[in-house]
Amino acid sequence: MRLVTYRATAEGEARLGALVGAEATLVLDLARFGAARGVDLPSRMLDLIDLGPGAITTITGLIAEQGDLFPLGTALPLANVRLLAPIPRPRKNVFGIGLNYTEHVAESARSLDTSADLPRQPVIFSKPPTSVIGPDEPIRHDAAITRQLDWEVELAAIIGTTARRVRREDALAHVFGYTVCIDMSARDCRRAGQWIYSKGQDTYCPMGPVVVTADEIPDPQTLDLWLTVNGVEKQRSNTAYMLFKVDELVADISQGITLEPGDIIATGTPAGVGAGRDPQEWVWPGDTIVACVEGIGTLRHPVVAA
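Residues numbered from 1 in each chain as written. Predicted model: local features only at pLDDT ≥ 70, side-chain atom pairs only at ≥ 80, totals over all residues. Heavy atoms only, no water.

Chemist: Outline the overall build of the protein, supporting the account with residue identities and numerical values.
Modeler: Across its full length, the protein carries seven helices and 19 strands. Taken against the 2.2 N^0.38 rule, which gives 19 Å for 306 residues, the C-alpha radius of gyration of the protein at 19 Å falls within 12% of a compact globule. Principal axes of the C-alpha set define a box for the protein whose edges measure 60 × 45 × 30 Å. The buried share of the protein, taken over its 306 residues, is 55%. Relative to all contacts within the protein whose residues are 6 or more apart in sequence, the contacts with residues 24 or more apart total 75%. Looking at the protein, you have 28 positive and 38 negative side-chain charges, and the mean spots of the two groups are 4 Å apart. (Helix = DSSP H or I, 4+ residues; strand = E, 2+ residues; numbered from the N terminus. Rg over C-alpha atoms; globule rule 2.2 N^0.38 Å. Buried < 20%, exposed > 50% of the residue type's maximum accessible area, 1.4 Å probe, protein only. Contact = heavy atoms within 4.5 Å. Lys, Arg positive; Asp, Glu negative; His and termini not counted. Charge placed at Lys NZ, Arg CZ, Asp CG, Glu CD.)

Spelled out as structure tokens, the structure:
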């Protein structure tokens, strides 16, 4: 299932929808659809995740029973709504994973003074909820703070059930679904080796456009991902090349930090970032960043002056 958070009007409330129709061109409002079917369904993504895996099975069955004709007022054309970040306000910081593709480790060592040795354990940082923005929203460039704003396309995994000290072989059972994330990074804002101010500024975590539930992506290590700036390809790789796979990341983090429903893990970026280029490249107001993960979707964001 492909789930979205959307607004039907500029001032409307954020609501939970599912993409339906032959080419997924309709947004089915799940709470309104449930009311029409006599079933209580949530209107927010986090509330749906809290219901547990059985909720997706129930909703899938209801949609299949409905066929192609949906009750009046429950479905809108996708082109007529505004998509938001699937989880507009995460409950906790987004877990970021650094240096998780071999070639990115090498380029970071050349340009960012990180170790050239492959990490023996996942490198973990965080991005606060205030950094999250949805599709097409502007990424803000504050020239008073940074002159080195960089891009990173990533697959993000969303936790569905509480994970505490889980084994790797059980870890994917705790994943609700996947989305696309862009980890924006102000390279000149690292402080004593710490990354949160560099990566956690407002608008530095574009996310979306949908959540694809885990049942539709049984193996998250087979997905192409790429990013362009102003139409020029900068990154292209496949999640197969992650040093630490999604199941390893869930298992590792959960050994010391309880992962809760709705928690988000941005799983790292491949080579091709601006800092690793010769000469180095950065984004500026007027630029446009487009990022894609196969099977999930595409994010497009203008860069604007703060």
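Chemist: Break down empty space enclosed by the protein for me, citing the residues and quoting the values.
Modeler: Across all of its chains, the model carries one cavity of 30 Å³ or more by this definition. Of the voids in this model, the largest cavity is the one considered here, and its volume is about 130 Å³. Lining the largest cavity are 15 residues, and of these His-104, Glu-152, Arg-187, Trp-195 and Lys-199 sit closest to its centre. Mapped onto the lining of the largest cavity, the elements with two or more residues apiece are β6 (94–98), α4 (102–111) and α6 (196–199). Its residues assigned to classes, the lining of the largest cavity comprises four nonpolar, seven polar and four charged. (1 Å grid on protein atoms, 1.4 Å probe; cavity = no way out; pocket = protein on both sides within 12 Å on 5 of 7 lines; lining within 4 Å. Points joined across faces, edges and corners; volume = space filled by probe spheres on them. Nonpolar A, V, L, I, M, F, W, Y, C, P; charged D, E, K, R; others polar.)

Chemist: Quick one: what's the story with the packing of aromatic side chains, residue by residue and with numbers?
Modeler: The full count for this structure, using the stated rule, is two aromatic pairs. Judged by centre distance (6.1 Å) and plane angle (75°), the rings of Phe-33 and Phe-70 are edge-to-face. Of the two residues, Phe-33 sits in helix α1 (residues 30–37) while Phe-70 sits in the loop between α3 (53–66) and β4 (75–77), which places them 37 residues apart along the sequence. Above the face of the Tyr-197 ring, Arg-191 is positioned so that its terminal group lies 3.9 Å from the ring centre. (Phe/Tyr/Trp six-rings, centres within 6.5 Å; stacked < 30°, edge-to-face > 60°. Lys NZ or Arg CZ within 6 Å of the ring centre and 35° of its normal.)

Chemist: Residue-level account of the environment of Ile-63, with values.
Modeler: In this fold, Ile-63 is placed in helix α3. Judged by its relative accessible area of 15%, Ile-63 falls in the buried class. Separated by 33 residues in sequence, Ile-63 and Leu-30 place their C-alpha atoms 9.8 Å apart. In this structure, Ile-63 is in contact with Met-1, Ala-18, Val-20, Leu-28, Phe-33 and Phe-70, ignoring residues within four places of it in sequence.

Chemist: Tell me about the packing of α1 against α3, and please be specific about residues and values.
Modeler: Packing of α1 against α3 leaves a shortest axis separation of 12 Å and a crossing angle of 65°. Here α3 runs roughly perpendicular to α1, going by the angle between their axes. Of the two possible hands of crossing, α1 and α3 adopt the one that is left-handed. Within the contact between the two elements, α1 uses Leu-30, Phe-33 and Arg-37 and α3 uses Ile-59, Leu-62, Ile-63, Glu-65 and Gln-66. Looking at the contact of α1 with α3, its residues break down into five nonpolar, one polar and two charged. (Axes fitted to C-alpha atoms, helices over the stretch in contact; angles between N-to-C directions. Parallel < 35°, antiparallel > 145°, perpendicular 65-115°, else oblique. Left-handed = near helix turned anticlockwise from the far one by under 90°.)

Chemist: How would you summarise helix α7 (residues 246–254) if you had to cite specific residues and measurements?
Modeler: Within α7, seven of the nine residues are buried, leaving the element largely enclosed by the surrounding structure. All of the buried residues in α7 are Val-246, Asp-247, Leu-249, Val-250, Ala-251, Ile-253 and Ser-254. Where α7 is buried, its residues contact β6, β7 (123–127), β11 (153–159), α5 (168–171), β12 (175–182) and β17 (264–266).

Chemist: Just give me the short version of the nonpolar core, but keep the residues and values in it.
Modeler: Grouped together as the largest cluster of nonpolar side chains are 52 residues, with contacts concentrated most on Tyr-178, Val-250, Ile-265, Ile-289 and Ile-296. Of the residues forming this core, the biggest block, five residues, is contributed by α7. What Tyr-178 contacts, discounting residues up to four positions off in sequence, is Leu-155, Ala-156, Ala-157, Leu-172, Val-210, Val-211, Val-212, Ala-214, Ile-217, Pro-220, Val-246 and Ile-296. Residues Leu-16, Ala-18, Ala-85 and Met-207 belong to the second largest nonpolar core, which totals 32 residues. (Core = buried A, V, L, I, M, F, W, Y, C linked by side-chain atoms within 4.5 Å.)

Chemist: Describe the pattern of salt bridges, listing the residues and the values that go with them.
Modeler: Applying the stated criterion across every chain, the model contains 21 salt bridges. Among the salt bridges present, the one from Asp-183 reaches Lys-127, with a minimum N-O distance of 2.6 Å. Taken together, the residues Asp-183 in the loop between β12 and β13 (185–186) and Lys-127 in strand β7 connect sequence positions 56 residues apart. Judged by relative accessible area, which is 1%, Asp-183 ranks as buried. Overall, Lys-127 belongs to the buried group, its relative accessible area being 1%. Because the salt bridges share partners, they merge into one network encompassing Lys-127, Asp-150, Glu-152, Asp-183, Arg-187 and Lys-199. (Salt bridge = Lys/Arg side-chain N within 4 Å of Asp/Glu carboxyl O.)

Chemist: Please provide a residue-by-residue account of the state of the cysteines, values included.
Modeler: Among covalent bonds in proteins, the disulfide is the one between the sulfur atoms of two cysteines. What the rule picks out here adds up to zero disulfides. Not engaged in a disulfide, the cysteine Cys-205 finds its nearest cysteine sulfur in Cys-181; these two sulfurs lie 3.7 Å apart. Residue class for Cys-205 comes out buried when judged on its relative accessible area of 0%. (Disulfide = S-S within 2.5 Å.)

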